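Residue strings, one per chain:
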Amino acid sequence: MAATKDPNAQAAHVALPGTTHDEFARQEFVRSYKQFLVRHVHGGNRKRYDLAVKPAFEKGHRRAPKDRFEVRDVMTRDPYYQMFSALLRNSQEMMWSACQKPVEREFDALNDKIRHQRGQKTKGSLKLDSNLKTPRYHTAVDIHCQPGAYHSEFTPEDASPGMVYDRGVHIYAMGQMGPYNDDIGASIALWLEDHHPDFAPQRILDMGCAVGHSTVPYTRAYPEAQVHAIDVAAPMLRYAHARANDLGAKIHFSQQNAEKTKFPDGFFDLIVSHILLHETSEKAIHNIVKECHRLLKPGGMMVHAETPPYAGMDPFDAFMLDWDTLNNNEPFWARSHEIDLQALSREGGFDPDKEFEAMIPSALQVAEAKRSKVFQGGDFGGGGLWFIYGNAK
Amino acid sequence: MGTTSRLKRKARGERPYFFDDPNVDKVVSMVMGLAGEVAVARDRLDTIERLLETKGLLKRAEIEAYEPGAAVMAERAAWRESYLGEILRIVEIELEAVATGDTQPYDEAIAAVEKDRQPGRARKKT
């Protein structure tokens, strides 16, 4: 009797590390642990704040905390928040650890497989640049606490950071990005299909592609287009290339910094990025938008997926969203969520009248609703929507 | 510690601690680590039960219906006792210290061995 497969279980491919029974169970525990915190513990902070922390503040100050900094001052002293934070930080560390173990076991075999594939004729291509300097915003701290982050190599021609990351993303998103972790890319592609049905980009660029998980959907949505993807980290690109090739996606990967690429002016019709901007810096984010403007043809479009901006958000919610800035090695998270995006566009050379910001539906959730023929009303928030910012040229 | 690893264990960047005493954060991490290993063992047992059931070697309902006899009960109780003895070793040795008169402050033991010189030889000053 064959068991029914979980439709959102991660899809296997040549570069994905396998797991032993216990390694898999360990990863599943982390997934449940994270889910539990989201469902049952996270919300308790709001209760603590409303019922205890805020009233105590109001008693002393005769007013409510005015911004997320004042909320932080009082909440970081609250025992419930302390325990929540200790648990959440620990879950992130356990997640990476649980993803590292299988990679360490298969370290040489997987690296050999990926190296071997590079020698074969592949769909797409891979161009590395050993002279490219890893930007400081990638070396100052290991982003989202992946030990060694994207750029560290533990052996010559290492692809292991990609192996750890691909599995880590699936657990971090608790499977909500689908079997191929591709929901953000697929959602933008779906949004383009719905809102710009006549848009037929010939050349597409994905900036900060990591393992190319968000890049692949564009090869499906626009099979005629030439798809390029860049990242500063060679280990990610090695893995991405092997992964895309195995999934039958033709993508041209190259090691480049999105702030200043080697592509000619007006080379692309569509430039996308997927939660890239908050991993950069104040200077870099401006450079990236300028570079998008240089690289786009007139009539072309850039679309960046991010988490929603803080503007108009209650100080407590902004404080909670800020958790990652301080505690998950996301130093630019807070500032990047306060940037005036219209001004960013204008300074980058774009016409701010053609700037757009929207919450777009998750492609995965749309597909699931179709499959089950059930409208999942009231359950569409949280992971069900993505925020996009962009500009037409 | 213990195992050799190909990758690094710590993410670069100062690690935040949330409690006034950072050791509390560390204990939380240890407890969750142990909770994880219990879940791993539980999943493994679940796999074994399901495989046995698929092969017709047992029905899981039989596990629920299983009534341990007196000898099995005694064996299990003995195992649990020694298991708890291992976990609560720290409490047990505290009692043993009192019971055996092993209550000399440690500084006295240091002083005793340091003063334990051969007669007639002065201690070299360093």
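Please read these numbers as outputs of a predicted model, since none were measured by experiment.

Student: Give a description of the interface of chain B and chain A that names residues and reports values.
Tutor: Listed per partner, the contact involves 22 residues of chain B and 28 residues of chain A. Across the side of chain B that touches chain A, the residue classes tally to nine nonpolar, five polar and eight charged.

Student: Which residues make up unusual backbone geometry, and what values go with them?
Tutor: Residues and elements named next belong to chain A. We note that cysteine 145 has phi near 65°; this positive angle belongs to a residue other than glycine. With respect to the helices and strands, the residue cysteine 145 is situated in the loop between α5 (136-139) and α6 (160-172). On the basis of neighbour counts, which here come to 23 C-beta atoms within 10 Å, the residue cysteine 145 falls in the buried class. Phi at asparagine 329 is positive, roughly 50°, even though this residue is not glycine. Accessibility expressed as a C-beta count within 10 Å gives 23 for asparagine 329, which makes it buried.

Student: An account of the confidence of the model for chain A is needed here, citing residue identities and associated values.
Tutor: On average, residues of chain A score 91 in pLDDT, and 95% of them reach the 70 mark or higher. When the criterion is pLDDT under 50, residues 373-382 of chain A qualifies, and its contacts beyond four places in sequence or with other chains add up to five contacts.

Student: Can you explain the nonpolar core? Please cite residues and give values.
Tutor: Residues and elements named next belong to chain A. With 88 residues, the main nonpolar core has Met95, Ile188, Met236, Tyr239, Ala240 and Ile271 as its most contacted residues. A total of seven residues in this core trace back to one element, the largest contributor, which is helix α9 (residues 234-246). If sequence neighbours within four positions are ignored, tyrosine 239 has contacts with Ala15, Ile114, Ala159, Gly162, Met163, Asp166 and Val211. Val71, Tyr81, Leu88 and Ala318 belong to the second-largest nonpolar core, a separate cluster that totals 15 residues.

Student: Please give an account of the packing of helix α3 (residues 79-105) of chain A against α6 of chain A that cites residues and values.
Tutor: All names here are of chain A. Two elements in contact, α3 and α6, have axes separated by 9 Å at closest approach and are oriented at 135°. One finds that α3 runs oblique with respect to α6. Handedness of the α3/α6 crossing: right-handed. Facing α3, whose interface residues are Met95, Trp96, Cys99, Gln100 and Val103, α6 presents Ser160, Met163, Val164, Arg167, Gly168, Ile171 and Tyr172. The class makeup of the residues in the contact of α3 with α6 is eight nonpolar, three polar and one charged.

The rules behind these values
Residues numbered from 1 in each chain as written. Chains lettered and ligands numbered in written order. Predicted model: local features only at pLDDT ≥ 70, side-chain atom pairs only at ≥ 80, totals over all residues. Contact = placed C-beta atoms within 7 Å. Nonpolar A, V, L, I, M, F, W, Y, C, P; charged D, E, K, R; others polar. Helix = DSSP H or I, 4+ residues; strand = E, 2+ residues; numbered from the N terminus. Buried ≥ 20, exposed ≤ 12 C-beta atoms within 10 Å, placed from the backbone. pLDDT = per-residue confidence, 0-100. Core = buried A, V, L, I, M, F, W, Y, C linked by C-beta atoms within 7 Å. Axes fitted to C-alpha atoms, helices over the stretch in contact; angles between N-to-C directions. Parallel < 35°, antiparallel > 145°, perpendicular 65-115°, else oblique. Left-handed = near helix turned anticlockwise from the far one by under 90°.

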